[in-house]
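A structural walkthrough
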Amino acid sequence: MAVLSLFPTPPHCKPFVSPHPISGAQLKIGLLNLMPNKAETEVQWLRLLQQANSPLSLHISLLKFTNWQPQNTSALYMAQYYQNVEAVLAARQLDAVIITGAPLGQVDYNQVGYWADFTHLTCDLHLRGIPGFYSCWAANAALHHLHKVATLRSADKLSGLFPQRVEVHPLTRSLADPVRLPQSRYSKPDTSLPMPALKTLLSAEETGPTLFIDERRLDVFLLGHVEYEADTLAREYQRDQQKGMTVAMPEGYFVNNDPTQLPQADWQQAGAQLLGNWLSMLSRRLRPDLTPAQRPL
């Protein structure tokens with residue numbers, strides 16, 4: 001398990017981080033949280049990072065855009081626990097950034113309130129050589145902006161738990177094949193044209209490709225929610241029904257298609273493994289001074 005530091009620490013995050021400053025070599029990881037429920041998403045990603053087999057300790061920074069105030073979180077909370085990503089980058093205090101999903105799958109990118117900030121950030125990360133781990137909406141958006149991969153939107157939501165075929169790669173080391181990943185999205189990348197800078201590592205007939213890596217930059221693009229709780233898709237399904245929306249039951253998710261029987265959240269272990277593999281790749285690249293005994297697999 002990885003040792004995490006996060007200062008200041010929101011109370012609900014304390015089970016996942018060290019109560020004391022960490023000495024020695026660390027990776028400085030930023031978490032740009034774009035989800036409406038900040039606290040829930042913080043816990044989900046910190047849990048995965050804690051469970052990841054990182055060769056180095058991790059210093060986590062919660063990040064936000066300077067010019068964007070979330071509607072569902074108080075300005076006081078954001079000011080107390082979050083830092084402006086632009087300032088942290090300028091101070092050279094990041095080795096890599098994780099950017100979460102956002103419930104914007106049916107919104108045109110130019111209509112997203114922080115689209116200019118997002119595109120500027122992704123370009124800045126590329127110019128500085130800082131890898132990104134892009135999740136769900138952020139993956140589609142970054143593929144679109146950085147690699148000119150068109151985003152295909154649908155009126156119907158892809159929701160469920162889908163087995164993915166696994167390609168052999170350092171990023172997918174020790175993943176089960178197939179591996180089940182939750183999906184909750186209205187959009188997907190158009191992979192009909194060549195993507196020479198990207199390698200596809202996970203895919204399924206129902207979902208299309210769900211994991212890409214830019215090996216030169218160590219950018220990862222994951223379409224799916226490895227951070228989700230066992231009941232997250234169920235809560236989303238119930239929420240959509242309560243709104244009067246016509247939505248299909250999440251596919252392959254409820255045990256025996258019984259909405260009262262939830263699956264085991266085995267995808268969280270897969271998510272921790274993916275993150276651990278990525279962190280190991282980062283460590284090899286950023287810390288070539290490590291002795292052979294210290295180097296990650």
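Structure: see above.
Here the focus is the overall build of the protein. Each helix and strand counted, the protein has seven helices and eleven strands in total. Over its C-alpha trace the protein gives a radius of gyration of 18 Å, about what one expects of a compact globule, namely 19 Å for 297 residues. With the principal axes as the frame, the protein shows a C-alpha extent of 55 × 45 × 40 Å. When the 297 residues of the protein are sorted by exposure, 54% land in the buried category. In the protein, the proportion of contacts linking residues at least 24 apart, taken out of those at least 6 apart, comes to 72%. Carbon together with sulfur atoms contributes 51% to the accessible area of the protein, which is approximately 13600 Å² in total. The averaged location of the 25 negative side-chain charges in the protein is 7 Å from the averaged location of its 25 positive side-chain charges.

Running from N to C, helix α1 (residues 38-51) and helix α7 (residues 267-286) point in directions that differ by 65 degrees, and their axes come no closer than 8 Å. Crossing geometry of α1 relative to α7 is assigned as right-handed. Residues Trp 45, Arg 47, Leu 48, Leu 49 and Gln 51 of α1 pack against Gln 268, Gly 271, Ala 272, Leu 275 and Leu 279 of α7. Looking at the contact of α1 with α7 residue by residue, the classes come out as six nonpolar, three polar and one charged.

In this section: the pattern of salt bridges. Any two side chains of opposite charge can pair, so long as their charged atoms come close to each other. In this structure the tally under the stated criterion is ten salt bridges. For Glu 236, the salt bridge is made with Lys 157, and the minimal N-O distance between the two is 3.5 Å. With Glu 236 in helix α6 (residues 232-242) and Lys 157 in strand β7 (residues 151-166), this pair connects stretches of sequence that are 79 residues apart.

On to the nonpolar core, then. Core analysis: the largest hydrophobic core is formed by 55 residues, its most contacted members being Leu 58, Ile 98, Leu 171, Leu 275, Trp 278 and Leu 279. Among the elements that line this core, the one with the most residues is α7, at nine residues. Residue contacts for Leu 279: discarding those within four places in its chain leaves Leu 27, Ile 29, Leu 49, Ala 52, Ser 54, Pro 55 and Leu 58. Ranked by size, the runner-up nonpolar core spans 34 residues in total, among them Tyr 134, Ala 139, Ala 141 and Val 149.

Rules used in this analysis
Residues numbered from 1 in each chain as written. Predicted model: local features only at pLDDT ≥ 70, side-chain atom pairs only at ≥ 80, totals over all residues. Heavy atoms only, no water. Helix = DSSP H or I, 4+ residues; strand = E, 2+ residues; numbered from the N terminus. Rg over C-alpha atoms; globule rule 2.2 N^0.38 Å. Buried < 20%, exposed > 50% of the residue type's maximum accessible area, 1.4 Å probe, protein only. Contact = heavy atoms within 4.5 Å. Areas by Shrake-Rupley, 256 points an atom, 1.4 Å probe, with all protein chains shown as cover. Lys, Arg positive; Asp, Glu negative; His and termini not counted. Charge placed at Lys NZ, Arg CZ, Asp CG, Glu CD. Axes fitted to C-alpha atoms, helices over the stretch in contact; angles between N-to-C directions. Left-handed = near helix turned anticlockwise from the far one by under 90°. Nonpolar A, V, L, I, M, F, W, Y, C, P; charged D, E, K, R; others polar. Salt bridge = Lys/Arg side-chain N within 4 Å of Asp/Glu carboxyl O. Core = buried A, V, L, I, M, F, W, Y, C linked by side-chain atoms within 4.5 Å.

Note that every value here comes from positions in space, so none of it alone points to a role or purpose.
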